[in-house]
Amino acid sequence: MADEIYYWQALNRALDAELAADDSVIVLGEDVGLYGGSYRVTEGLYAKYGEWRLRDTPISEGSFTGLGVGAALAGLRPVVEIMTVNFALLAFDAIINMAAKIPFMSGGQFPMPLVVRMPGGVAKQLAAQHSQRLEQMLMNVPGLRIAVPATPQDAWWQLRQAIRSDEPIVLLEHELLYFSKASLDMQLEAPPMHRAQVRREGKDLTIITWSRMLDLSLRAAGKLADNGIEAEVIDLRSLRPVDWERCAASLKKTHRLLIVEEDSHFAGAGAEIAAGLGERCFYELDAPPQRVAAREIPIPYNATLEAAAIPRVADIVAAAGKLCG
Amino acid sequence: MEVDLLKTMLRDMLLARAFEERAAQEYAQGNIAGFLHLYPGEEAIAVGVLRAAEPADYIVSTYREHVHALVRGIPPGVVMAELFGKKDGCSGGMGGSMHLFDRERRFMGGYAIVGETFPVATGIGYAVAMRRLPEAVICFFGDGAVNQGTFHESLNMAALWKLPVLFVCENNHYQIGTEIHRHSAVAEVWKRACGYRIPAKRIDGMDVLAVHEATVAALEQIRAGNGPQLLECETYRFRGHSMADPGSYRPKVELQAFEDNEDPVKIAIAETVAAYPTGEQIAAAGSGNIERLSGHLQQSELLTAAQLEAMRKEVAEVVEEAVHFAARSPEPAMEDAQAALDCNRHDEVLI
């Protein structure tokens, strides 16, 4: 039976399920305990599992993420919550130099069952230091996996899969998705964590996207259909590894590729996807791959400029129309 | 102190010195590459601390960690093979000199970014405390690491949650080429721990007995559930920061003085070998050390000069065999590297 629930509630249920299933699962982060989480994700769990399982930390991103690494080495399965991706810059040593490297540098002796959850993205007038996305910075790190759930169902599935995995996994959430609502079927069997999903079928072009841009891309696809263009929309769900197979299969059908990303254009995730699919599908393509991405500026505080700095539905419609024109 | 333990620690120190001097030779011959940070001068710390630890305790170390690994019991051949980058090395040739790991011995790694050992050790301590186990975590770091944010952040958390971590500062007074008074506003590392209400002590890191005794006392407190402790061990490295560093920024007279008067191996021998101290030694040692020396001398089973020679010969053979083992070990293949990376992937097949 599928309930309509918020994205944050799906994450909350996933944490609850895993905390209940395995007493080596712990949650660490700022205000995750008594306060219940900045975005309510850990609501009610402190009362249920106590302070050792739900640990309120000082504001020390670098060290509490590193503490998660150490706890994982000693057999716990820590879920570190970093309040926003912007603060994760202080924890990159722990994520990149430690979590991603230790399993390898130890010659395979130490698995790293660590999950680092953090919301990114442009929300509502939070200004340049609180509006970054940064996914491309983590994509370039062998040894890490990056999951980007766009729906409550994926939030439920992918967080549980991440906790059960022995690999270090970054779960990139989105501040504007926490209070989005959709159905969640807790009984449904999960696809592989990095399997891309076709969210709308079409024959004229393939739109590849992830996280909050999925919603905008689907709305754009609706408008395109009114103009007689049938867009296939793929939700990548994982940025490392990327499900090339499903993307390539779609291009074989549509022959046109449009990538929609919230992060800035230059050296972004879209560049890797365009290059990867260019290598795989060059002879299938009827036109060069195109990208709709954020402008090359820090995100402005001003609301109008903020909205114009990242892709809007109209931008996607225009780019798709041009690609198919 | 038991004579056997004393002999063990002396052998550890002799082996450590011989191993490291040989590593320097192997580096010069091109069998070891990359950054090689050697430990001569600091042996009393690794030996004194780790001989006070239990097998169930966890060790987190820095990039200058060969001797910690040896004292912890990783076979010298396996350590040397890792320095050679070979398949039989303790990290399969993937880590090298700065990244020695041994899961079985709870040797949780050498970390090459200054200040990383603090959060790793604190996290292991968190797991131990949460499970209410009688284990401790030993966290090594140098004087240069105390100005990283992770030192302060981790000490705060360790004290806040009473985690069973022994922070051991190997204070050799230099962060590469910068002397401690030029890198720290407060040059006494132990004082920094006071800001987090962590009991701390400064000890003579050249005296293996002092280090051992202080570690035993600190671990007792930690196992009693009283939270973290910090030991500042004052020491001196006889070589440069790494093989790439001649150490020319240090006054020659300073190095000479430490080598002549403060060599931990010489001190350990003086404390172990049955020989009457000279009048100058007695005068220089002061009353506390006289008692210590005479106390050992009164025991009947101390080492003779001949036994010391035999011990030197034995460790030289061990080091020789370690080099042979490393030289004979095969090179790892790219498939081994991939397998190390994928160790935590289990049965999942990527699309």
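The structure presented is a predicted model; accordingly, all values stated were derived computationally and were not measured.

A.B. asks: Before we move on, could you go through the sheet that holds strand E3 (residues 54-56) of chain A and cite the residues and values that matter?
C.D. replies: Residue and element names in this part refer to chain A. Overall, mixed pairing links the seven strands, which are arranged E3-E2-E4-E5-E7-E6-E12 in an open sheet. Either end of the sheet is taken by a strand with one partner, and the two such strands are E3 and strand E12 (238-240). Here the average twist between neighbouring strands, direction ignored, is 20°. Here three bridges tie strand E2 (residues 25-29) to E3, and the two strands are oriented parallel to one another. Of the residues in E3, the one forming a bridge with Leu28 is Arg55. Seen against the sheet, helix H7 (residues 152-164) touches E2, strand E4 (77-81), strand E5 (115-120), strand E6 (145-147) and strand E7 (169-174) and runs at an angle of roughly 160° to E7.

A.B. asks: Which residues make up helix H12 (residues 313-324) of chain A, and what are the values?
C.D. replies: Residue and element names in this part refer to chain A. With 12 residues, H12 extends 17 Å from end C-alpha to end C-alpha; this agrees with the ideal 16 Å at 1.5 Å per step. What H12 keeps buried is the set Ile316, Val317, Ala319, Ala320 and Leu323. Taken around the axis of H12, the buried residues stretch over an arc of 170°, which confines them to a single face. Residues of H12 that are exposed and point over 90 degrees away from its buried face: Ala314 and Lys322. Contacts made by the buried residues of H12 are with strand E10 (205-209), helix H8 (213-226), strand E11 (231-235), strand E13 (257-264) and strand E14 (290-294).

A.B. asks: Could you give an account of the interface of chain A and chain B, naming the residues involved and the relevant values?
C.D. replies: Counting residues at the interface gives 40 residues for chain A and 38 residues for chain B. At the level of elements, helix H3 (61-73), helix H4 (92-99) and helix H5 (102-105) of chain A are the ones that each hand at least two residues to the side of chain A that touches chain B. The biggest single contributor to the side of chain A that touches chain B is H3 of chain A, with nine residues.

A.B. asks: Could you give an account of the domain arrangement of chain A, naming the residues involved and the relevant values?
C.D. replies: Residue and element names in this part refer to chain A. What the domain assignment reports for chain A is domain 1 (3-184) and domain 2 (197-324). Listed as interface residues are 22 residues of domain 1 and, on the opposing side, 22 residues of domain 2. Broken down by secondary-structure element, the contributors of at least two residues to the side of domain 1 that touches domain 2 are helix H6 (135-139), E6 and E7. When grouped by side-chain class, the residues that make up the side of domain 1 that touches domain 2 number 13 nonpolar, five polar and four charged.

A.B. asks: Please set out the sheet that holds strand E9 (residues 197-200) of chain A residue by residue, giving values where relevant.
C.D. replies: Residues and elements named next belong to chain A. The sheet built from five strands is open, its strands ordered E9-E11-E10-E13-E14 with mixed pairing. Both outer strands of the open sheet, E9 and E14, are each paired with one neighbouring strand and no more. Taking the axes of each pair of neighbouring strands and ignoring which way they run, one obtains an average angle of 25° across the sheet. Each of E10, E13 and E14 touches helix H10 (residues 269-281); the most contacted strand, E13, lies at about 155° to it. Sitting on the sheet, H12 touches E10, E11, E13 and E14, and the angle it makes with E14 is about 165°.

A.B. asks: Describe the environment of Leu28 of chain A, with residues and values.
C.D. replies: Residues and elements named next belong to chain A. Relative to the helices and strands, Leu28 resides in strand E2. The exposure class of Leu28 is buried, given the 26 C-beta atoms found within 10 Å. For Leu28 and Thr65, which are 37 residues apart along the polypeptide, the C-alpha to C-alpha distance reads 8.2 Å. The residues contacting Leu28, other than those within four sequence positions of it, are Arg55, Thr57, Phe64, Leu67, Gly68, Pro78 and Val80.

A.B. asks: With reference to specific residues and values, describe the pairing of E14 of chain A.
C.D. replies: All names here are of chain A. Inspection of the sheet shows E13 paired to E14 by four bridges, in the parallel sense. Paired with Ser264 across the bridge in E14 is Ala294. Regarding topology, H10 serves as the crossover connection from E13 to the parallel E14, and that connection is right-handed.

A.B. asks: Let's hear about the nonpolar core: which residues, and what values?
C.D. replies: Generally speaking, a soluble globular protein has its nonpolar side chains buried in company with each other. Of all hydrophobic cores here, the largest spans 202 residues; its most connected members are Ala320 of chain A together with Ile124, Cys139, Leu166 and Val168 of chain B. A per-element tally of this core places helix H1 (residues 3-28) of chain B first, with 10 residues. No fewer than three residues from each of domain 1 (3-184) and domain 2 (197-324) of chain A sit in this core. In this structure, Ala320 of chain A is in contact with Leu205, Ile207, Ala220, Leu224, Ile229, Ala231 and Leu258 of chain A, ignoring residues within four places of it in sequence.

What counts, and at which threshold
Residues numbered from 1 in each chain as written. Chains lettered and ligands numbered in written order. Predicted model: local features only at pLDDT ≥ 70, side-chain atom pairs only at ≥ 80, totals over all residues. Pairing = 2+ DSSP bridges. Helix = DSSP H or I, 4+ residues; strand = E, 2+ residues; numbered from the N terminus. Axes fitted to C-alpha atoms, helices over the stretch in contact; angles between N-to-C directions. Contact = placed C-beta atoms within 7 Å. Expected span 1.5 Å × (residues − 1). Buried ≥ 20, exposed ≤ 12 C-beta atoms within 10 Å, placed from the backbone. Arc of directions from axis to C-beta. Domains from an automatic or database assignment. Nonpolar A, V, L, I, M, F, W, Y, C, P; charged D, E, K, R; others polar. Right-handed = clockwise from strand over helix to strand, strands pointing away. Core = buried A, V, L, I, M, F, W, Y, C linked by C-beta atoms within 7 Å.

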